[in-house]
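Structural description and commentary
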Amino acid sequence: MMRVAILVSGRGSNMEAILRVKEAGGLPNAEIALVLSDSADAPALEKAQKFGVKTVIVDPKPYRKKREGYDAAVLEVLRDNNIELIVLAGFMRLLSRVLIDAYPNRIINIHPALLPAFPGLHAQKQALDHGVKVSGCTVHIVDGDVDTGPIILQAVVPVLTDDTEETLSERILDYEHRLLPRALDLATSERLRVIGRRVIIDED
Ligand code: GAR
């Protein structure tokens, strides 16, 4: 079993999707050992506790704008808990080399767009404003830049004429909840090989 930490900042619906799959007997090679939040107010924390998962808050305030200092504090918690793989599930902070170098190809992120289109914040609004006919979601390996790392899985979601940011976000989220547990299963089953920018999936 690979010990996994899920990093969150807010609602935690993607985290919950993982915990539900695990509870239902999926993710046989993943042990969700920790949920770490940068905010004490994150609703994700209470949800994680309902599943009996350990939660830790690492408050960024003492580190002001120093990402490395904050990441070193996070790294200490991860090491104390023997974490081997990190899932960013709505963790709204950029990671510095401190974490990327400590977990090479061992950090995955979910993003609500078909990368490399619409990286960064408000991806669903960016897609609507651009007028694309399809958008979707991407699970990728985190490489230190904003939403640029090698892509593990993507799902395509239609954009409808009368969509608002809310309706499109909701439709994409439904796909996120299936994509992220699937990508986590592949990662924890050691079925991913990263060759340059490409992620090769070893099929069953
Ligand atoms: C999700 O839509 C996730 O894809 C997005 O934040 C939301 C978190 O929701 N992440 C990003 O935009 C990262 N660039 P959740 O807390 O309910 O999982």
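What you see is a predicted model; the values in this text were computed from it and never measured.

Here we take up the pattern of salt bridges. Inspection of the entire model under this criterion finds 10 salt bridges. We note a salt bridge from K47 to E16, for which the minimum N-O separation is 3.9 Å. One end of the pair, K47, is in helix α2 (residues 43-50); the other, E16, is in helix α1 (residues 13-23), and 31 residues separate them in sequence. The class for K47 is partly exposed, based on a relative accessible area of 23%. Between D59 and K61 there is a salt bridge, with its nearest N and O atoms 3.6 Å apart. Its relative accessible area of 33% is what places D59 among the partly exposed residues. The class of K61 is exposed, set by a relative accessible area of 65%. Connected through shared salt-bridge partners, E16, R20 and K47 make up one network.

Attention shifts here to the nonpolar core. One finds I6, I32 and V87 to be the most contacted residues of the largest nonpolar core, which totals 40 residues. The dominant element in this core, judged by the number of residues it contributes, is helix α6 (residues 165-188), at 8 residues. If we skip the residues at most four places from it in the chain, I32 touches V4, I6, I18, L19, V53 and L184. Ranked by size, the runner-up nonpolar core spans 23 residues in total, among them A5, V77, L78 and Y103.

So, about the packing of helix α5 (residues 123-130) against α6. Closest axis-to-axis distance for the α5/α6 pair is 9 Å, and the angle between their directions is 120°. It follows that α5 is oblique to α6 by the angle criterion. As α5 packs across α6, the resulting crossing turns out to be right-handed. In contact with Q124, K125, A127 and L128 of α5, α6 contributes E165, L168, S169 and I172. Within the contact of α5 with α6, the residues separate by chemical class into 4 nonpolar, 2 polar and 2 charged.

Cut-offs used in this document
Residues numbered from 1 in each chain as written. Predicted model: local features only at pLDDT ≥ 70, side-chain atom pairs only at ≥ 80, totals over all residues. Heavy atoms only, no water. Salt bridge = Lys/Arg side-chain N within 4 Å of Asp/Glu carboxyl O. Helix = DSSP H or I, 4+ residues; strand = E, 2+ residues; numbered from the N terminus. Buried < 20%, exposed > 50% of the residue type's maximum accessible area, 1.4 Å probe, protein only. Core = buried A, V, L, I, M, F, W, Y, C linked by side-chain atoms within 4.5 Å. Contact = heavy atoms within 4.5 Å. Axes fitted to C-alpha atoms, helices over the stretch in contact; angles between N-to-C directions. Parallel < 35°, antiparallel > 145°, perpendicular 65-115°, else oblique. Left-handed = near helix turned anticlockwise from the far one by under 90°. Nonpolar A, V, L, I, M, F, W, Y, C, P; charged D, E, K, R; others polar.

None of the figures reported here should be taken as evidence of function without further support.
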